[in-house]
Amino acid sequence: MHEVSLAEQLIGPVLAAAAQYGGERVTAVTVRAGALQQIVPGSLALAFEAVALGTLAEGATLTVETVPVTARCRRCDAEFEVEAFCFLCPTCGVADVATLTGNELLLASLELEPCESTSSTTSPS
Amino acid sequence: MRVDVVHNVTKLNDAMAQQIRETLREKRIFCLNLISSPGSGKTTILERTLDHLRDELRCAVIVGDLATSIDAYRMAEYAPTIQINTDGGCHLDAAMVSTALESLKLDELDVLFIENVGNLVCPVGFDLGQDVKVGILSVTEGEDKVAKYPRIWREASIVLLNKIDLAPFVFFNRTKFYADLEQVNALLPVIEMSATKGDGVSRFCDWILREREDRLAIRR
Ligand SMILES: Nc1nc2c(ncn2[C@@H]2O[C@H](COP(=O)(O)OP(=O)(O)OP(=O)(O)O)[C@@H](O)[C@H]2O)c(=O)[nH]1
Ligand SMILES: [Mg+2]
Ligand SMILES: [Zn+2]
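Note that the structure is predicted; figures quoted are calculated from it, not measured. Residue indices begin from 1 for each chain and proceed along its sequence in written order. Chains carry letters from A onward and ligands carry numbers from 1 onward, assigned in written order. Owing to the predicted nature of the model, reporting of local features is limited to residues with pLDDT of at least 70; listing and counting of side-chain atom pairs is limited to 80 or more, with chain, interface and lining totals taken over all residues. Hydrogens and water molecules were not included; the side-chain quantities draw on all heavy atoms of the structure.

Visitor: Now, about the coordination of the zinc ion (ligand 3): what can you tell me, with residues and values included?
Guide: Residue and element names in this part refer to chain A. Protein coordination at the zinc ion (ligand 3): the donors are Cys-73 (SG), Cys-76 (SG), Cys-89 (SG) and Cys-92 (SG), at 2.3 Å from the metal. Every donor counted, the four donor atoms about the zinc ion (ligand 3) form angles of 104 to 120 degrees at the centre, which fits tetrahedral coordination. Counting gaps between the donor residues of the zinc ion (ligand 3) yields the pattern C-x2-C-x12-C-x2-C. The rule for donors is simple: an N, O or S atom within 2.8 Å of the metal counts, and for Na, K and Ca the reach is 3.2 Å. Water is not among the atoms, so a site may look short of donors. Square planar and octahedral sites, with four and six donors, are those where opposite donors lie more than 155 degrees apart and all other angles lie between 65 and 115, tetrahedral sites have four donors with every angle between 85 and 135 degrees, and the rest are irregular.

Below you can see the structure in the form of structure tokens.
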């Protein structure tokens, strides 16, 4: 159900961007999600398919690029990739580290079919 | 045609949460967002906490629930309580909280508790304008939930380990719990609690009083 609410949040910005770039149809959507979001890509794709029904993004394929978790040590300033959610500085061992990446949820890019490529149809209401 | 957008999906919610944060700051209200799986004891903890703080701070509650008012009735006995039905939605968002705030007398309030919808994943991603997130785990869920759902333990300012009275019966592995927490967020304070028996409630209330003082001092 996590994925359903994310899909609902995604569809607005997708359609807004499509409109802004004058697209006729959205064929692909790429999302960049931090590993801390613990998104199941297949579930998000399915949920997105459902919310996109009847919109310009109907039938668009959704791809999730996972952003690894990284952090910076507040004591020694080392930046490191967090593996297995272990937030301890590998250099000096302290726990006082700031998460740099891994929480984000970004709409990264869209694949659009431009308007002029379709000749026959008038836009549906 | 490919277009790069780079749009933060939670932008709208974040902006609204920031507005709530500013309103609460101006009114000098300390706000806690309670997050846990269904049934970990959020409402029971709040009942005990509200009762305990009754003479010290003016409290109110906003409670999110999929469809019922059961929790709101339980807490209304102790403090003004606003119920939000999410109609099946798995988390509260800033817009819902913003609407609920309109029904509270903010000038007569010191602390606002928000009981989120029971869910250990979705609510974490939605800023509600709170000062602190309180992560609650009950021993009956198992110690492995620290490693399995790390994000809440990263973002929480305190953990309440509830139903500690049941620890022996469910073979709760305390050593593993603390070892895993050590990896995810070693700086996180933990209060072992039994909300039904009342253990740990006064420690939690002391923490609230202290934390509130600290935040208000910084804001000045
Ligand atoms: N043994 C024991 N039971 C508890 C404790 N705290 C809560 N419970 C019981 O756990 C059940 C669920 O408690 P609630 O307070 O309703 O939990 P909740 O997190 O508010 O549940 P939802 O709002 O439905 O997600 C109730 O039957 C409580 O009596 C505790 O410390 N020990
Ligand atoms: Mg409850
Ligand atoms: Zn370091």
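Let's pick the thread back up.
Visitor: Which residues make up the interface of chain A and chain B, and what values do they have?
Guide: Each partner contributes residues to the interface: chain A has 29 residues there, and chain B has 28 residues. The buried area of a pairing is the accessible area, by a 1.4 Å probe, that goes missing from both parts when the two are put together, added over both. For the pair chain A and chain B, the summed buried area comes to about 2700 Å², and 60% of that belongs to carbon and sulfur atoms. For this document, the term salt bridge refers to a Lys or Arg side-chain nitrogen within 4 Å of an Asp or Glu carboxyl oxygen. At the surface where chain A touches chain B, the tally comes to zero salt bridges. Identification of polar contacts relies on pairs of N or O atoms within 3.5 Å, with a donor-acceptor requirement for protein atoms, meaning one able to donate a hydrogen and the other able to accept it, and with residues adjacent in sequence counted only if both atoms are side-chain atoms. Here chain A and chain B share 13 residue pairs in polar contact (both at pLDDT 80 or more) between them. Put simply, DSSP marks the helices as runs of H or I at least four residues long and the strands as runs of E at least two long, and each gets a number from the N terminus on. Counting residues per element, the ones that place at least two in the side of chain A that touches chain B are helix H1 (2-20), strand E5 (97-101) and strand E6 (105-114) of chain A. The element contributing the most residues to the side of chain A that touches chain B is E6(A), with nine residues. Among the residues forming the side of chain A that touches chain B, the class breakdown is 19 nonpolar, eight polar and two charged. Between any two strands, pairing holds if DSSP finds at least two bridges. When E6(A) meets strand E1 (residues 2-8) of chain B, the two strands line up antiparallel, connected through five bridges. Across the sheet, residue Glu111(A) finds its bridge partner in E1(B), namely Arg2(B). Any pair of residues with heavy atoms lying within 4.5 Å of one another is described as a contacting pair. Residue polarity is assigned by list, with Asp, Glu, Lys and Arg as charged and Ala, Val, Leu, Ile, Met, Phe, Trp, Tyr, Cys and Pro as nonpolar; anything else, Gly included, falls into the polar class.

Visitor: Quick rundown of the confidence of the model for chain B? Include the residues and the values.
Guide: Mean pLDDT over chain B stands at 95; residues scoring 70 or higher make up 99%. In the model output, the complex is listed with pTM 0.93 alongside ipTM 0.86. pLDDT is defined as a per-residue confidence score from the predictor, taking values between 0 and 100.

Visitor: Residues and numbers for the pairing of strand E3 (residues 70-73) of chain A, please.
Guide: If a strand is regular, its side chains alternate between the two faces of the sheet. All names here are of chain A. Of the strand pairs in this sheet, E3 and strand E4 (residues 79-81) are connected by three bridges, and their pairing is antiparallel. When the bridges of E4 are listed, Thr-70 appears paired with Glu-81. Here E3 folds back onto E4, and the loop between the two strands holds five residues, one of which, Asp-77, carries a positive phi near 70 degrees. Where E3 and E5 come together, four bridges link them in antiparallel fashion. Directly across from Ala-71, in E5, lies its bridge partner Thr-99.

Visitor: Provide a residue-level description of the pattern of salt bridges, including the pertinent values.
Guide: Counted by the stated rule, this structure contains 20 salt bridges over all chains. The closest approach of N and O atoms between Glu113(A) and Arg25(A), which form a salt bridge, is 3.4 Å. On the criterion of sequence distance, the pair formed by Glu113(A) in strand E6 and Arg25(A) in strand E1 (residues 23-34) is long-range, its members being 88 residues apart. For Glu113(A), a relative accessible area of 28% translates into the label partly exposed. Between Glu213(B) and Arg212(B) there is a salt bridge, and its shortest N-O distance comes to 3.8 Å. Burial status follows relative accessibility: with a 1.4 Å probe on protein chains alone, a residue under 20% of its type maximum counts as buried, one over 50% as exposed, and anything between as partly exposed. Note on Arg212(B): relative accessible area 10%, which makes it buried. One network of salt bridges, with partners in common, ties together Arg58(B), Asp110(B), Arg212(B) and Glu213(B).

Visitor: Could you give an account of the coordination of the magnesium ion (ligand 2), naming the residues involved and the relevant values?
Guide: All names here are of chain B. Within the protein, the magnesium ion (ligand 2) binds to Thr-43 (OG1), Asp-71 (OD) and Glu-115 (OE); these donor distances fall in the range 2.0 to 2.1 Å. Spacing between the donor residues of the magnesium ion (ligand 2) along the chain follows T-x27-D-x43-E. With Thr-43 in helix H2 (residues 42-53) and Glu-115 in strand E5 (residues 111-115), this residue pair connects regions lying 72 residues apart in the sequence. Residue classification places Thr-43 among the buried positions, given a relative accessible area of 5%.

Visitor: Can you explain the sheet that holds strand E8 (residues 190-192) of chain B? Please cite residues and give values.
Guide: Residue and element names in this part refer to chain B. The seven strands lie next to each other as E4-E3-E5-E2-E6-E7-E8, forming an open sheet whose pairing is parallel. Unpaired on one side and paired on the other, strand E4 (81-85) and E8 mark the two borders of the sheet. Taking each pair of neighbouring strands and ignoring which way they run, the sheet shows an average axis angle of 20 degrees. Two strands pair when backbone bridges link them, and strand E3 (residues 59-65) and E4 are joined in this way by five bridges, in the parallel orientation. By the bridge assignment, Val-63 is partnered in E4 with Gln-83. For helices, the fitted axis covers only the stretch in contact; all axes are lines through C-alpha atoms, and the angles between them, taken along N-to-C directions, range from 0 to 180 degrees. Helix-sheet contacts for helix H7 (residues 174-185) involve strand E6 (132-138), strand E7 (158-162) and E8, and the interaxial angle to E8 is about 160 degrees.

Visitor: For the nonpolar core, give the residues involved together with the corresponding values.
Guide: Most often, soluble globular proteins keep nonpolar side chains buried together rather than apart. If you look at the biggest cluster of nonpolar residues, it comprises 29 residues, and the most contacted ones within it are Leu32(B), Phe113(B), Val134(B), Leu160(B), Phe204(B) and Ile208(B). Among the elements of the structure, strand E2 (30-35), H2, E3, helix H3 (70-76), E5, E6, E7 and helix H8 (201-219) of chain B are those that each provide at least two residues to this core. Broken down by element, the residue count for this core peaks at five residues, all from H8(B). In this structure Phe113(B) touches Leu32(B), Leu34(B), Leu46(B), Thr49(B), Leu50(B), Leu53(B), Cys59(B), Ala60(B), Val61(B), Ile62(B) and Ile208(B), once residues within four positions along its chain are discounted. Core analysis: the next-biggest nonpolar cluster, separate from the first, contains 26 residues, Leu10(A), Val31(A), Phe48(A) and Val9(B) among them. Buried residues of nine kinds, namely Ala, Val, Leu, Ile, Met, Phe, Trp, Tyr and Cys, make up a nonpolar core once their side-chain atoms join them within 4.5 Å.

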